[in-house]
Amino acid sequence: SGEEFAIEEAIADYLEARSFLARALWHAQYFEEAIEQAMHCFEVDPEDPGVREDLFVMLFDTDRHDMVVRLLDSFPGASVTEELYHRALAALLDDPDSRESKKLLRKAVSHNTHLASLFLGEDPKKAKRSSVEEATAYEAAYGFLWRREDSIFDLLEEIVLAKR
């Protein structure tokens, strides 16, 4: 109905404004306040891809990997690729040499090898359409986080090459 549409439109406008505020605070280096705003947006709509991206990037940038995992446990989201790769990244950033982090990375790569190939700058030959779409979206949003640490990139390359 028209009333429901108006409410949905108002919520969307509200989230857009709060997300903009979060990003502005982030760029002004008010990290705590930015995360607080982004978290509020996430609580309102945890499935919104833009809201998720803002919050998870902020959390990864401030080394709050445990919070990323807790949020994934509570609100897994629509993309299995996002969930698996975020869990792997959080573990790798905490301890790249741990058995658990390597296991999580292998699980993520097994789920979506196309994304791993994108990180490595390769163009995989065969991939399901859904894998390609998820991989492209994830790489655009979070690829820079994966490229920051040489040890993580090297481990990713090692796992991908071992699968061939």
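Data block above holds the structure.
The structure presented is a predicted model; accordingly, all values stated were derived computationally and were not measured.

Notes on the overall build of the chain
Scanning the chain for helices and strands turns up nine helices and zero strands. When the helices and strands of the chain are read in sequence order from the N terminus, they spell out α-α-α-α-α-α-α-α-α. Scaling as 2.2 N^0.38, a compact globule of 164 residues should have a C-alpha radius of gyration of about 15 Å, and the chain matches this with 17 Å. Along the first, second and third principal axes, the C-alpha set of the chain runs to 55 × 35 × 25 Å. Considering only residue pairs separated by 6 or more positions, the chain has 57% of its internal contacts joining residues 24 or more positions apart. Treating the 19 positive side-chain charges of the chain as one cloud and the 35 negative ones as another, the clouds have centres 10 Å apart.

Observations concerning a negative patch on the surface
On the surface, D63, D94, D95, D97, E149, D150, D154, E157 and E158 cluster together into a negatively charged patch. Take the negative patch: its biggest share by element is four residues, from helix α9 (residues 150-162). Relative to the helices and strands, D95 resides in the loop between α5 (80-94) and α6 (99-111).

Comments concerning the packing of helix α4 (residues 65-74) against α5
Between α4 and α5, the shortest axis-to-axis distance is 9 Å and the interhelical angle comes to 155 degrees. With respect to their mutual orientation, α4 and α5 come out roughly antiparallel. Of the two elements, α4 crosses α5, and the hand of that crossing is left-handed. From α4, H65, V68, V69, L72 and D73 reach across to α5, where they touch E83, H86, R87, A90, L93 and D94. Residues that form the contact of α4 with α5 fall into these classes: five nonpolar, two polar and four charged.

Here is what the cut-offs are and how they apply
Residues numbered from 1 in each chain as written. Predicted model: local features only at pLDDT ≥ 70, side-chain atom pairs only at ≥ 80, totals over all residues. Heavy atoms only, no water. Helix = DSSP H or I, 4+ residues; strand = E, 2+ residues; numbered from the N terminus. Rg over C-alpha atoms; globule rule 2.2 N^0.38 Å. Contact = heavy atoms within 4.5 Å. Lys, Arg positive; Asp, Glu negative; His and termini not counted. Charge placed at Lys NZ, Arg CZ, Asp CG, Glu CD. Patch = residues over 30% accessible without salt bridge, like charges linked within 9 Å, V, L, I, M, F, W, Y side chains within 5 Å. Areas by Shrake-Rupley, 256 points an atom, 1.4 Å probe, with all protein chains shown as cover. Salt bridge = Lys/Arg side-chain N within 4 Å of Asp/Glu carboxyl O. Axes fitted to C-alpha atoms, helices over the stretch in contact; angles between N-to-C directions. Parallel < 35°, antiparallel > 145°, perpendicular 65-115°, else oblique. Left-handed = near helix turned anticlockwise from the far one by under 90°. Nonpolar A, V, L, I, M, F, W, Y, C, P; charged D, E, K, R; others polar.

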